[in-house]
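Each chain is listed here by its residues.
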Amino acid sequence: MNRQCSFIKPSGERCRGASTGQRGLCWMHDPANADQRRRVASRGGRGKANRESATLKEEIKSVIADVKAGDLDRNDAAVMIQGYRALKDFIALERQVRETDELAAEIEELRHEYGAA
Ligand SMILES: [Zn+2]
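(A) Up close: the overall build of the protein chain. The number of helices and strands found in the protein chain is three helices and zero strands. In the protein chain, the succession of helices and strands from N to C terminus is α-α-α. Expected size for 117 residues packed as a compact globule is a radius of gyration near 13 Å; at 24 Å, the protein chain overshoots this value by more than 25%. Overall size of the protein chain, expressed as C-alpha extent along the three principal axes, is 75 × 25 × 20 Å. Within the protein chain, the proportion of its 117 residues that are buried is 19%. For the protein chain, long-range pairs separated by at least 24 residues make up 35% of all intrachain contacts whose partners lie at least 6 apart in sequence. Summing over all exposed atoms, the protein chain offers an accessible surface of approximately 8,800 Å²; the carbon and sulfur share of this is 53%. Distance between charge centroids for the protein chain: 7 Å, based on 21 positive and 19 negative side chains.

Here it is as structure tokens:
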């Protein structure tokens, strides 16, 4: 059972996706998946990562300034910088994961659009 999605695009062309649900619609056009599609499409995470790296930069700058001014022990500063480096790696990793997820969602969208399942 691998019927074609019955959705008609604004162009008048019928969707070439394979219907998955009982409604005779593909995953992209089945209203049951609307919530999931919205979640996939949400790109709210990118701004958060940018804010995080901006905060990190400011904190590292202030550590450097404190060391220069003699307000912070050099060993303490070295340990702190190490911690910041680990945080930076995590932010980069999270960003990579998010970008991979977005890419996967876009590929899935295109695949449905062109009906190449
Ligand atoms: Zn469809």
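Back to the text.
(B) Looking closely at the coordination of the zinc ion. For the zinc ion, every protein donor is listed as Cys5 (SG), Cys15 (SG), Cys26 (SG) and His29 (ND1), and the spread of their distances is 1.9 to 2.3 Å. Classification of the site at the zinc ion as tetrahedral follows from its four donor atoms and the range of 104 to 114° in their angles at the metal. Mapped onto the sequence, the residues coordinating the zinc ion show the spacing C-x9-C-x10-C-x2-H. Residue cysteine 5 is found in the segment before helix H1 (34-41), and its partner cysteine 15 is found in the segment before H1; the two are separated by ten residues along the sequence. One exposure class covers both cysteine 5 and cysteine 15, and it is buried.

(C) Quick peek at the side chain of aspartate 30. Inspection of the secondary structure assignment puts aspartate 30 in the segment before H1. Other than its neighbours up to four places away in sequence, aspartate 30 contacts Gly21, Arg23, Leu25 and Arg37.

(D) Spatial organisation of the pattern of salt bridges. Applying the stated criterion across every chain yields a total of five salt bridges. A salt bridge links arginine 16 to glutamate 13, with the shortest nitrogen-to-oxygen separation between them at 3.2 Å. We note a salt bridge from arginine 111 to glutamate 108, for which the minimum N-O separation is 3.5 Å. Residue arginine 111 and its partner glutamate 108 are both found in helix H3 (residues 74-114); the two are separated by three residues, about one turn of the helix.

What counts, and where the lines are drawn
Residues numbered from 1 in each chain as written. Predicted model: local features only at pLDDT ≥ 70, side-chain atom pairs only at ≥ 80, totals over all residues. Heavy atoms only, no water. Helix = DSSP H or I, 4+ residues; strand = E, 2+ residues; numbered from the N terminus. Rg over C-alpha atoms; globule rule 2.2 N^0.38 Å. Buried < 20%, exposed > 50% of the residue type's maximum accessible area, 1.4 Å probe, protein only. Contact = heavy atoms within 4.5 Å. Areas by Shrake-Rupley, 256 points an atom, 1.4 Å probe, with all protein chains shown as cover. Lys, Arg positive; Asp, Glu negative; His and termini not counted. Charge placed at Lys NZ, Arg CZ, Asp CG, Glu CD. Donors = N, O, S within 2.8 Å, 3.2 Å for Na, K, Ca; no water. Tetrahedral: all angles 85-135°; square planar, octahedral: opposite > 155°, others 65-115°. Salt bridge = Lys/Arg side-chain N within 4 Å of Asp/Glu carboxyl O.

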